Amino acid sequence: MSPLSDLLNLNLDTKQIIAEYIWIGGGSGMDIRSKGRTLPGPVSDPSKLPKWNYDGSSTNQAAGDDSEVILYPQAIFKDPFRKGNNILVMCDAYTPKGDPIPTNNRNKAVKIFDHPNVKAEEPWFGIEQEYTLLKKDVKWPLGWPLGGFPGPQGPYYCAVGADKAFGRDIVDGHYKACLYAGLSIGGANAEVMPGQWEFQISPTVGVGAGDQLWVARYILERITEICGVIVSYDPKPIEGDWNGAAAHTNFSTKSMRKEGGLDLIKKAIKKLEVKHKQHIAAYGEGNERRLTGNHETADINKFSWGVADRGASVRVGRDTEKEGKGYFEDRRPSSNMDPYLVTSMIAETTILG
């Protein structure tokens, strides 16, 4: 090992731990920030963690003459990079007076998920996060000829082989790191466009789905940083006859999971149709480049649903149809969506109406 590796792998003979505070900046919407601090000992309850501040003027979240923004710890996960008792801490951001800053979508989501009617339905969300791996210096997909294109789509989805699957070590490293952290990661696979991959957050209740997806994204950013690769969440990273990248969001309520739930699913889909434009507006930047009606998408201007139809806005699975209960998949959210916004909006529209 190199001297630097030796230092990174030091076993510290101390009770102290490092807590890496993670938050979302005010730039692109995918602006993940973090910084570490030393704590006197292990912590498992986020309410026991100290609040912290950062320079909001450097993240487009405050003015320079009043730049302090306060981090409130909300969820704790094991740190797969430092290991031991060290932790990752998902935070949201507030003014010194205690008001949520405008970009704090988590706080908005909590208000919806804390509504008694929403709580009673125990909403589950499973999110399929697609992303594209790019070469660092040229920002061109891994495995693609420099300045050129690979063969047409077809052989790459869930493929194996050096000529079809590009970046698997990153994907497997991310998968294991998420499991180590305690995230409910349900799987991973190569996607239709070469250099594009997907991981899934298994069904998680309420705001926890957003916490888990953001931390999984943070871990992926850290791993690609180590590998000198860029992870892109652009919903259409390459124009032309190539699939885009989405964050398909699977949803169910307690009532939908019971006998007769299919009827409630159909009613919920009707509510989504009524508010199609409002949802599209919150489902990610650049989504109009992906939702064209081609490449397993519905046209952005037309709402549709169907059983096993990946060209629809909302898909109901064959098993759900057969059993008369289950869940549905909202296929409209783009890969760069904010899960706090998307999950809370689905709950608000379908449960609170």
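Residues numbered from 1 in each chain as written. Predicted model: local features only at pLDDT ≥ 70, side-chain atom pairs only at ≥ 80, totals over all residues. Heavy atoms only, no water.

As annotated in an unreviewed UniProt entry, the protein chain carries the name Glutamine synthetase and comes from Eruca vesicaria subsp. sativa. UniProt, in its Subunit (unreviewed entry) section for the protein chain, records the words "Homooctamer." (UniProt positions renumbered as here; feature names shortened; annotations may be inferred.)

### Considerations on the overall build of the protein chain
Each helix and strand in the protein chain was counted, giving nine helices and 13 strands. Here the protein chain holds 353 residues, and the buried ones make up 51% of them. Of all intrachain contacts in the protein chain linking residues separated by at least 6 positions in sequence, the fraction that spans at least 24 positions is 65%. Counting every atom, the protein chain has about 16,500 Å² of accessible surface; 50% of that belongs to carbon and sulfur. Separation of charge centres in the protein chain, based on 42 positive and 44 negative side chains, amounts to 4 Å. (Helix = DSSP H or I, 4+ residues; strand = E, 2+ residues; numbered from the N terminus. Buried < 20%, exposed > 50% of the residue type's maximum accessible area, 1.4 Å probe, protein only. Contact = heavy atoms within 4.5 Å. Areas by Shrake-Rupley, 256 points an atom, 1.4 Å probe, with all protein chains shown as cover. Lys, Arg positive; Asp, Glu negative; His and termini not counted. Charge placed at Lys NZ, Arg CZ, Asp CG, Glu CD.)

### Regarding the sheet that holds strand β1 (residues 17-24)
On the basis of which strands lie adjacent, the open sheet formed by five strands has the order β2-β1-β5-β4-β3 and mixed pairing. Edge positions in the open sheet fall to β2 (32-39) and β3 (52-55), since each of these has one partner strand only. Across the sheet, the mean angle from the axis of one strand to that of its neighbour is 40°, orientation sign disregarded. Across four bridges, the pairing between β1 and strand β5 (residues 87-94) is parallel. Across the sheet, A19 pairs through a bridge with I87, a residue of β5. Against the sheet, helix α5 (residues 208-227) makes contact with β1, β2, β4 (68-78) and β5, and its axis sits at roughly 120° relative to β5, the strand it touches most. (Pairing = 2+ DSSP bridges. Axes fitted to C-alpha atoms, helices over the stretch in contact; angles between N-to-C directions.)

### Remarks on the layout of surface pockets
For the largest pocket, the calculated volume is near 850 Å³. As for the largest pocket, its lining consists of 27 residues, and the residues nearest its centre are L8, F81, R82, K83 and N86. With four residues, the top contributor of residues to the lining of the largest pocket is α5. Of the residues assigned to the lining of the largest pocket, the class counts are 13 nonpolar, nine polar and five charged. Here the second largest pocket is characterised by a volume of approximately 480 Å³. Taken together, 29 residues make up the lining of the second largest pocket; nearest its centre are S28, G29, M30, N105 and D338. The set of elements that each furnish at least two residues to the lining of the second largest pocket consists of β1, β5, α2 (105-113), α7 (276-282) and α9 (339-352). Here the element with the most residues in the lining of the second largest pocket is β5; it accounts for three residues. (1 Å grid on protein atoms, 1.4 Å probe; cavity = no way out; pocket = protein on both sides within 12 Å on 5 of 7 lines; lining within 4 Å. Points joined across faces, edges and corners; volume = space filled by probe spheres on them. Nonpolar A, V, L, I, M, F, W, Y, C, P; charged D, E, K, R; others polar.)

### Quick word on empty space enclosed by the protein
For the coordinates displayed, the defined rule picks out one cavity of 30 Å³ or more. Each pocket or cavity is described by its volume, and for the largest cavity that value is around 40 Å³. As for the largest cavity, its lining consists of R290, L291, E296, T297, A298, A312, S313, R331 and R332. Split by residue class, the lining of the largest cavity holds three nonpolar, two polar and four charged.

### Remarks on the state of the cysteines
Disulfides are covalent bonds that link the sulfur atoms of two cysteine residues. Per the stated rule, a full pass over the model turns up zero disulfides. The thiol sulfur of C158 is not disulfide-bonded, and the nearest other cysteine sulfur, from C178, lies at 18 Å. Of the residues examined, C178 reaches a relative accessible area of 0% and is grouped as buried. (Disulfide = S-S within 2.5 Å.)

### Some details on the UniProt feature "domain: GS beta-grasp" (unreviewed entry) in the protein chain
Here, the residues flagged by UniProt with the feature "domain: GS beta-grasp" (unreviewed entry) are residues 17-98. Between the first and last C-alpha atoms of residues 17-98 the distance is 27 Å; the span itself is 0% helix and 48% strand.

### Section: helix α4 (residues 168-181)
A rise of 1.5 Å per residue sets the reference length of α4, with its 14 residues, at 20 Å; its end C-alpha atoms lie 20 Å apart and thus fit the reference within 8%. Among the residues of α4, I170, V171, H174, A177, C178 and A181 are the ones counted as buried. For α4, the buried positions fall inside an angular range of 130° around the axis, keeping them on one side. The outward face of α4, more than 90 degrees from its buried face, is lined by the exposed residues D169 and K176. (Expected span 1.5 Å × (residues − 1). Arc of directions from axis to C-beta.)

### Observations concerning the nonpolar core
Among the nonpolar cores identified, the biggest contains 61 residues, and M90, Y131, L133, L183, F199, I219 and F328 are the most heavily contacted of them. Counting residues per element, this core draws most heavily on α5, which supplies nine residues. Residues within four places of I219 in sequence aside, it is in contact with P80, F81, L88, H174, A177, C178, A181 and L183. Counting 16 residues, the second-largest nonpolar core is a separate cluster that includes A19, L39, W52 and A93. (Core = buried A, V, L, I, M, F, W, Y, C linked by side-chain atoms within 4.5 Å.)

### Looking at the packing of aromatic side chains
How two aromatic rings sit relative to each other is set out by the distance from centre to centre and by the angle between their planes. Summed over all chains, the structure comprises 12 aromatic pairs. Seen in terms of ring centroids, F125 and F251 are 5.1 Å apart; in terms of plane orientation they differ by 35°. Their pairing is tilted. Of this pair, F125 sits in strand β6 (residues 124-135) while F251 sits in strand β10 (residues 247-252), and the two are 126 residues apart along the sequence. Accessibility assignment for this pair places F125 and F251 in one class, buried. Taken together, a centroid distance of 5.8 Å and an interplanar angle of 55° make the contact between W144 and F149 tilted. One aromatic cluster is present, built from ring pairs that chain together F113, F125, F251 and F328. The positively charged end of R37 is found above the aromatic ring belonging to W52, 4.8 Å away from the centroid. One residue, K51, lies across the ring of Y72, its end atom 4.1 Å from the ring centre. (Phe/Tyr/Trp six-rings, centres within 6.5 Å; stacked < 30°, edge-to-face > 60°. Lys NZ or Arg CZ within 6 Å of the ring centre and 35° of its normal.)

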